[in-house]
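# Reading the structure
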Amino acid sequence: MSNAAVIIELDGTGIKEANWGMVTMARMGGTPSEGTGDSKAGLIACIMTPVDDSMRSELESYGISTIVEVVLPQGLETNPDVSARALLSAVKAHQVSSVYGLSTALGKDLLPRMAALAGSPLVMDCFEADARTGMARTSQYSGKTLASIKMTGERIFFGVKPNSREPEKKPVSAEILRFDASDTAIQGLRVLDVQTGDQGKAVSLAEAEVIIAGGRGMKNAKNFDILVQCAEKLKAAVGASRVAVDSGWVPYAMQVGQTGEKVSPKVYIACGISGSIQHFAGMKMSGMVIALNTDENAAIMANCDYYAVADALEVIPAVTRILENG
Amino acid sequence: MQIYVCVKHVPDSAANIHVIDDIRIDPNLAFLLNPYDEHAVTEAVKIKEQHPEAEVIAVCLGPEDAENTVRSALAMGADRGILVQTDSIFDSIETARILHQTITDDGVPGMIWTGKESIDAEGMQTMFRIGALLDCPVATNVVQVALGDNKAVVDSERVGGVVYTYELDLPCVLGAGRGLNTPKYPTFPDVVKSKKKPVKTVSLDAGASSPDGASMKVVKLEPLIQTRTPKAMTGDPDTIAREIVTILLQEAKVIS
Ligand SMILES: Cc1cc2nc3c(=O)[nH]c(=O)nc-3n(C[C@H](O)[C@H](O)[C@H](O)COP(=O)(O)OP(=O)(O)OC[C@H]3O[C@@H](n4cnc5c(N)ncnc54)[C@H](O)[C@@H]3O)c2cc1C
């Protein structure tokens, strides 16, 4: 039993972009520097929807050799406990010893359920994950430390932080198998309602490649529109400091930091944010940090990749204009 | 109904963390009740106010000092506490097993609360493991709860603000999220009263953890040191904006 499987997440239009970095990680192991290359065994993708030709060729282009369509009981597709039980049966049936999923809104409700039902170890939010050694790396103590965690057991689970690895293609051809889990029963948990709120259609913070975040320096709720407009051009998500949330300018779901979302975009643009320890706890895993602040002595200016002593309310609209008109 | 609240003794988030022996943190710092567990205790006490027959029991696995954390929960209104005393560090598989064993040895849980995560290990899974052991439903990041006839209706908020409303059979395990309530911080008389409340200390018997090979062990812990070297962008807003676009295009390659 040495198969690896990835759980593919979907969005309204098909397979989420964030999956491909995870698939690459599952194929190659955790660290690009290891250089051991692709593992010989094929990679299984579990997907909770019928797979059409375009999905199939996308999955094939990233090295998926077996696609398992997991058929859920009709009407219970949003029940995370039912999905977890169905997926667990599917991975057991395919002799899967390591399971990769995304540490996203869905993954955080799904992967711990699966690992708990299986009695198996799980590391959430890992940015390195290697099935061959059972090693995962994640941050602990509010981003103050990095932990290397060794998992042992018959089956291990990785919750992979989006954007942890650059996707790399590796074309193969795949067979499609069906796993009928339509008889999975409800066990004490029923979904009464799902409210998407206004965040539903915007780019999610956890998965965004680019985040533009605003703090006290944005001065009011209205000025966050400036960030939203720029974010639309960049396909970015909009984040906020706790001050912006506590002032009532934006909802709590947008808060980045120790008591908010922990994010890992490729680029984090901080507008009018001073860079407190608690804010850093949520965004220090970002690839590149760009800071716009009127105070050259703000903490963030000494702990970023690019900074400008400037008014964010003037710079960001200029960025939007350039993206619009070139 | 017995309501158990699992509380964790964690380092103060404002404290500086020093790594020793490459594998653990220097424990000479301020520890307190995990912030998300404060929401859990507060909610359990609120439920007791509506259901006076209920009993709220704080359960903690931790070192001798963790009695302070149990006492904090008592000062916030829990009726009594249980400290499973140990100097060892357990992974969440073992922790859930020990907490489950302790709770079922003590009584008959109608509800078990935890925080949605602990701010030290940030594992986000102990509640699900307790639920699996008790064979009962689980919801995490709970921001609203209403008790019905042998049922709980809860709002569970996913990251990004999407809210799932679940109905769970009792007993159930719930992970408290920040939006659930505003923790009621104890007054001085609360603290005095809590000193008289019973805390049972049990020592860990080896039988509690039955190792079947499934484990996760921190093999290395390193301070996260920032290695960014800030470069200045200068000029008028338009010039800075052009430079940002160039960086996004050429260096970060996030736009094309
Ligand atoms: C237990 C605890 C948990 C916390 N959790 C979080 C958390 O999760 N997330 C979080 O963010 N905070 C958190 N905080 C709060 C944190 O300590 C800071 O208070 C907060 O991050 C500061 O927000 P800020 O940077 O927006 O505001 P400030 O620190 O006031 O900074 C505003 C910055 O904007 C600059 N500025 C003003 N006008 C402009 C302009 N026009 N253009 C450019 N720059 C401008 C100023 O120079 C200043 O640097 C927590 C605190 C505690 C105690």
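Cut-off values and rules
Residues numbered from 1 in each chain as written. Chains lettered and ligands numbered in written order. Predicted model: local features only at pLDDT ≥ 70, side-chain atom pairs only at ≥ 80, totals over all residues. Heavy atoms only, no water. Helix = DSSP H or I, 4+ residues; strand = E, 2+ residues; numbered from the N terminus. Expected span 1.5 Å × (residues − 1). Buried < 20%, exposed > 50% of the residue type's maximum accessible area, 1.4 Å probe, protein only. Arc of directions from axis to C-beta. Contact = heavy atoms within 4.5 Å. 1 Å grid on protein atoms, 1.4 Å probe; cavity = no way out; pocket = protein on both sides within 12 Å on 5 of 7 lines; lining within 4 Å. Points joined across faces, edges and corners; volume = space filled by probe spheres on them. Nonpolar A, V, L, I, M, F, W, Y, C, P; charged D, E, K, R; others polar. Domains from an automatic or database assignment. Pairing = 2+ DSSP bridges. Axes fitted to C-alpha atoms, helices over the stretch in contact; angles between N-to-C directions. Parallel < 35°, antiparallel > 145°, perpendicular 65-115°, else oblique. Left-handed = near helix turned anticlockwise from the far one by under 90°. Buried area = accessible area lost by both parts, 1.4 Å probe. Salt bridge = Lys/Arg side-chain N within 4 Å of Asp/Glu carboxyl O. Polar contact = N/O pair within 3.5 Å; in protein donor to acceptor, adjacent residues only side chain to side chain.

In this section: helix α6 (residues 237-251) of chain B. For α6(B), which comprises 15 residues, the first-to-last C-alpha distance of 20 Å matches the rise-based estimate of 21 Å (1.5 Å per residue) to within 8%. When we look at burial in α6(B), the residues that qualify are B:Ile240, B:Ala241, B:Ile244, B:Val245, B:Ile247 and B:Leu248. All buried residues of α6(B) lie within an arc of 155° about the axis, which places them on one face of the element. For α6(B), the secondary structure elements touched by its buried residues are α5 (224-234), β16 (267-271), β17 (288-293), β18 (306-309) and α8 (312-325) of chain A.

Our focus in this paragraph is empty space enclosed by the protein. Tallied over the full model, the rule gives four cavities of 30 Å³ or more. Quantified by volume, the largest cavity comes out at close to 450 Å³. The wall of the largest cavity is formed by 31 residues, among which A:Lys108, B:Lys116, B:Asn141, B:Glu157 and B:Val159 lie closest to the centre. At the level of elements, α4 (105-118) of chain A together with α4 (126-134), β9 (138-147) and β10 (151-157) of chain B are the ones that each hand at least two residues to the lining of the largest cavity. Tallied by class, the residues present in the lining of the largest cavity amount to nine nonpolar, 11 polar and 11 charged. In terms of domain composition, the lining of the largest cavity takes at least three residues from each of domain 1 (3-180) and domain 2 (210-324) of chain A. Each pocket or cavity is described by its volume, and for the second largest cavity that value is around 80 Å³. A:Asp125, A:Ser139, A:Gly143, A:Lys161, A:Lys262, A:Val263, A:Ala281, A:Gly282, A:Lys284, A:Met285 and B:Glu122 are the residues that line the second largest cavity.

Time to look at the sheet that holds strand β8 (residues 109-115) of chain B. One open sheet accounts for 10 strands, arranged β13(A)-β11(B)-β10(B)-β9(B)-β12(B)-β8(B)-β1(B)-β6(B)-β7(B)-β13(B); its pairing is mixed. The open sheet has two edge strands, β13 (189-195) of chain A together with β13 (199-203) of chain B, and neither has a second partner. Each adjacent strand pair in this sheet contributes to an overall mean axis angle of 30°, direction not counted. Relative to strand β11 (residues 163-169) of chain B, β10(B) runs antiparallel, the two sharing seven bridges. The residue of β11(B) that forms the bridge with B:Lys151 is B:Asp169. In the packing of helix α2 (residues 67-75) of chain B onto the sheet, contacts are made with β6 (55-62), β7 (80-85) and β13 of chain B, and the angle to β7(B) comes to roughly 165°.

Glancing now at the packing of α8(A) against α6(B). In the contact formed by α8(A) and α6(B), the axes pass within 8 Å of each other and the chain directions differ by 55°. By the angle between their axes, α8(A) is oblique relative to α6(B). Between α8(A) and α6(B) lies a crossing whose hand is right-handed. Along its contact with α8(A), which presents A:Glu314, A:Val315, A:Ala318, A:Val319, A:Arg321, A:Ile322 and A:Leu323, the element α6(B) presents B:Pro237, B:Asp238, B:Ile240, B:Ala241, B:Arg242, B:Ile244 and B:Val245.

This brings us to the interface of chain B and chain A. Taken together, the contact between chain B and chain A spans 74 residues of the former and 85 residues of the latter. Surface buried jointly by chain B and chain A totals about 7000 Å² across both partners, of which 58% is contributed by carbon and sulfur atoms. Per-residue buried area on chain B facing chain A is highest for B:Arg178, B:Leu224 and B:Arg228; these three make up 11% of the total on that side. Summed over the shared surface of chain B and chain A, the result is six salt bridges. Note that A:Asp305 is salt-bridged to B:Arg228, the shortest N-O span being 2.8 Å. Between chain B and chain A we count 33 residue pairs in polar contact (both at pLDDT 80 or more) in total. Contributions of two or more residues to the side of chain B that touches chain A are made by α4, β9, β10, β11, β14 (215-223), β15 (231-232) and α6 of chain B.

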